[in-house]
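Chains, contacts and geometry: an overview
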Amino acid sequence: DAGVTQSPTHLIKTRGQHVTLRCSPISGHKSVSWYQQVLGQGPQFIFQYYEKEERGRGNFPDRFSARQFPNYSSELNVNALLLGDSALYLCASSLGGQPQHFGDGTRLSIL
Amino acid sequence: TQLLEQSPQFLSIQEGENLTVYCNSSSVFSSLQWYRQEPGEGPVLLVTVVTGGEVKKLKRLTFQFGDARKDSSLHITAAQPGDTGLYLCAGAPAAGNKLTFGGGTRVLVKP
């Protein structure tokens, strides 16, 4: 069975641009969460979506947004990119609660 | 704000030695998860502990959840080079999916 898949695996953008990251959860999982992992640190929670509704939001600016589609896949959008947005963006899926299973992430580099 | 502190931040040992990683918080968590992350990959779930005082064993790995559900430890017996990686603890609240991660412990097992 396929695990959580994320695309693209790597992305290079410049300051001020916007980016869309994509996530497909494990089949049957209805909850998708997004995390940002800056180099050398643990992941930080950004959003959780369950049944297409936002169920949780971390301490991130409004430049970050997300949505979940009827097939439970999800997109994370970041506008007006800053150098500090360079990080590994992780998607995790679950049936609804714990435990969460992570994809391999999208490595975003801002120049 | 819930915080999780991991110690030590870095551990370098010889193959065959034992090691312990600690995860501490002033907050109570509904459950606590341990992950291992290797370079270029997402965190892989090792175990979830739910009950205060719970001890779980996974081959050479022993996980313990504190009686008050505020702290946890991971003990590896007779470490092998394949145990090398970033170990992350993550606490889950009673409701919602937001995981609070510790900063991670980087373990290097030298042959």
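Above: the structure in question.
Now for a look at the structure at hand. (Residues numbered from 1 in each chain as written. Chains lettered and ligands numbered in written order. Predicted model: local features only at pLDDT ≥ 70, side-chain atom pairs only at ≥ 80, totals over all residues. Heavy atoms only, no water.)

**Description of the interface of chain B and chain A**
Each partner contributes to the interface: chain B provides 20 residues, whereas chain A provides 22 residues. Taken over both partners, the interface formed by chain B and chain A buries close to 1,400 Å², and the fraction arising from carbon and sulfur atoms is 53%. Of all residues in chain B, B:Pro43, B:Asn97 and B:Phe101 bury the most surface against chain A, accounting for 38% of the area lost on that side. At the surface where chain B touches chain A, the tally comes to 0 salt bridges. Our count for the contact surface shared by chain B and chain A stands at 4 residue pairs in polar contact (both at pLDDT 80 or more). Those elements that provide at least two residues to the side of chain B that touches chain A are strand S4 (31-37), strand S5 (44-49) and strand S9 (85-92) of chain B. Here the side of chain B that touches chain A takes 4 residues from S4(B), the largest share from any one element. Classifying every residue of the side of chain B that touches chain A by side-chain character gives 8 nonpolar, 10 polar and 2 charged. (Contact = heavy atoms within 4.5 Å. Buried area = accessible area lost by both parts, 1.4 Å probe. Salt bridge = Lys/Arg side-chain N within 4 Å of Asp/Glu carboxyl O. Polar contact = N/O pair within 3.5 Å; in protein donor to acceptor, adjacent residues only side chain to side chain. Helix = DSSP H or I, 4+ residues; strand = E, 2+ residues; numbered from the N terminus. Nonpolar A, V, L, I, M, F, W, Y, C, P; charged D, E, K, R; others polar.)

**Here's the deal with the layout of surface pockets**
For the largest pocket, the calculated volume is near 430 Å³. What lines the largest pocket is a set of 20 residues, and nearest its centre among them are A:Pro43, A:Gln44, B:Leu3, B:Thr100 and B:Phe101. Of all the elements in the fold, those that place two or more residues in the lining of the largest pocket are strand S5 (44-50) of chain A together with strand S10 (100-101) of chain B. In the lining of the largest pocket, the residues fall into 8 nonpolar, 11 polar and 1 charged. Approximately 200 Å³ is the volume found for the second largest pocket. Surrounding the second largest pocket, 14 residues form its lining, A:Gln37, A:Leu39, A:Arg107, B:Gln37 and B:Arg106 being those nearest its centre. Its residues assigned to classes, the lining of the second largest pocket comprises 5 nonpolar, 5 polar and 4 charged. (1 Å grid on protein atoms, 1.4 Å probe; cavity = no way out; pocket = protein on both sides within 12 Å on 5 of 7 lines; lining within 4 Å. Points joined across faces, edges and corners; volume = space filled by probe spheres on them.)

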